[in-house]
Amino acid sequence: MSTVAIVYFSGSGHTHLMAEAIAAGARSKNVGVELLQITGEQIEQGRWQDAEILEKLHQADAIVFGSPTYMGGVAAQFKAFLDAGGSVWFAQQWKDKIAGGFTHSSSLSGDKQGTLLYLSINAAQHGMIWVSAGDLPSPYLGKTDGVNRLGSFLGVMGQSPLNRGGEEAALDEGDRLTAEKYGQRIAEAALRWSRQLVAA
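Throughout, a residue's number is its position along its own chain's written sequence, starting from 1. It should be noted that, the model being predicted, local features are given only for residues of pLDDT at least 70 and side-chain atom pairs only at 80 or more, the latter also being counted only at that level, while totals for whole chains, interfaces and linings use all residues. Note: side-chain values were computed over all heavy atoms of the structure, leaving out hydrogens and water.

(A) View of the pattern of salt bridges. Salt bridge criterion: a side-chain nitrogen from Lys or Arg within 4 Å of a carboxyl oxygen from Asp or Glu. A full pass over the atoms with the stated rule returns 9 salt bridges. Of the charged contacts in the structure, one is a salt bridge between aspartate 172 and arginine 149, with a shortest N-O distance of 3.1 Å. Separated by 23 residues along the polypeptide, aspartate 172 in the loop between strand E9 (156–159) and helix H6 (173–199) and arginine 149 in the loop between strand E8 (129–130) and E9 bring together distant segments of the chain. By relative accessible area, which is 30% here, aspartate 172 ends up partly exposed. Taking relative accessible area as the criterion, arginine 149 reaches 32% and is therefore assigned partly exposed. Residue arginine 149 is joined to aspartate 175 by a salt bridge in which the shortest nitrogen-to-oxygen separation is 2.8 Å. Within this pair, whereas arginine 149 is found in the loop between E8 and E9, its partner aspartate 175 is found in helix H6, the two being separated by 26 residues in sequence. When accessible area is computed with a 1.4 Å probe and restricted to protein chains, residues below 20% of their type maximum are described as buried, those above 50% as exposed, and intermediate ones as partly exposed. A relative accessible area of 1% means that aspartate 175 is categorised as buried. Connected through salt bridges with shared partners, the residues Glu34, Glu52 and Lys56 form a single ionic network. Note on conventions: DSSP H or I runs of at least 4 residues are helices, E runs of at least 2 residues are strands, and numbering of each starts at the N terminus.

Dropping the structure here:
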């Protein structure tokens, strides 16, 4: 069975909800799913380390990277995880795996594209096959479901109002649906890619 690994950091819970929606979409295509959360506790003396997460990523057919956008880029905790991938890069252990990315911020823009660019460049350095979002913004199709309401094509973006009062995280319904559809697209790409490799 093909496996999609979703590796992410979430500060206030929104990115976690996006990860869960991507997972639900992928599972609907009958693939295995691993939800792997990066935490600050995995960083020791400035270096990220978690052998169990790395092993699950090595075994996956697809890896979806997710981080909130902080100050125009990935969160420090997630950057530490990506930087720890140097030995993975050197051995080309993720080469030819399917890859994708998602992010969230409280601003409509928030420079989220900077985060997606960083994630896609990291995937390219690993020799991975990047999958775009693949959905036109719903208003272009005469729909009101909110799919790709932020007009992101490189990966998936989410946005929620700034939460300073400690309320429970919630996703815009359109962003949730966009993330779910992205999970389906990633799973389909992984299945197609693995079939082609077997046929070759």
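Having seen it, we continue.
(B) Seen up close, the layout of surface pockets. Considering only enclosed or pocket space, the largest pocket measures out at about 200 Å³ in volume. Using protein atoms alone on a 1 Å grid, points that fit a 1.4 Å probe yet trap it form a cavity, whereas open point sets bounded by protein on both sides within 12 Å along at least five of seven lines form a pocket; residues with an atom within 4 Å of a point count as lining. Along the walls of the largest pocket sit 14 residues, with Ser12, His14, Tyr70, His104 and Ser106 positioned nearest its centre. Counting only elements with at least two residues in the lining of the largest pocket, the list comes to helix H1 (14–27), strand E5 (62–70) and strand E7 (98–105). Among the elements that make up the lining of the largest pocket, the one with the highest residue count is E5 (3 residues). When the residues that make up the lining of the largest pocket are grouped by side-chain class, the tally is 4 nonpolar, 10 polar and no charged. Grid points are joined across faces, edges and corners, and a volume is the space filled by probe spheres set on the points. Each residue is assigned to one class: nonpolar for Ala, Val, Leu, Ile, Met, Phe, Trp, Tyr, Cys and Pro, charged for Asp, Glu, Lys and Arg, and polar for all the others, Gly among them.

(C) Inspection of unusual backbone geometry at higher detail. With phi around 50°, glutamine 45 is a residue other than glycine that occupies positive phi space. Its location among the elements puts glutamine 45 in the loop between strand E3 (43–44) and strand E4 (47–48). When its relative accessible area of 84% is taken as the criterion, glutamine 45 is described as exposed. Of note, aspartate 111 is a non-glycine position whose phi angle comes to about 60°, a positive value. Residue position: aspartate 111 is located in the loop between E7 and helix H5 (112–125).

(D) Seen up close, the nonpolar core. By nonpolar core is meant a set of buried Ala, Val, Leu, Ile, Met, Phe, Trp, Tyr and Cys residues that side-chain atoms within 4.5 Å join together. Grouped together as the largest cluster of nonpolar side chains are 27 residues, with contacts concentrated most on Val7, Leu57, Phe65, Phe78, Phe81 and Trp94. Taken together, the elements giving at least two residues each to this core come down to strand E1 (3–8), helix H2 (51–59), E5, helix H3 (76–83) and H5. Counting 24 residues, the second-largest nonpolar core is a separate cluster that includes Ala23, Val31, Phe102 and Ala189.

(E) Inspection of the packing of H3 against H5 at higher detail. Following both chains from N to C, one finds H3 and H5 inclined at 10°, their axes separated by 12 Å at the closest point. Between H3 and H5, the angle is such that the two are roughly parallel. Residues Phe78, Lys79, Leu82 and Asp83 of H3 form the contact with H5, whose participating residues are Tyr118, Leu119 and Asn122. Residues of the contact of H3 with H5, tallied by class, amount to 4 nonpolar, 1 polar and 2 charged. Note on definitions: angles span 0 to 180 degrees between N-to-C directions of axes, and those axes are lines fitted to C-alpha atoms, for helices only across the stretch in contact. Note that the term roughly parallel is reserved for angles under 35 degrees, roughly antiparallel for angles over 145, roughly perpendicular for angles of 65 to 115, and oblique for everything else. Contacts are residue-level and defined by heavy atoms, with any inter-residue pair within 4.5 Å sufficient.

Remember, this is a structural readout, not a statement about activity or role.
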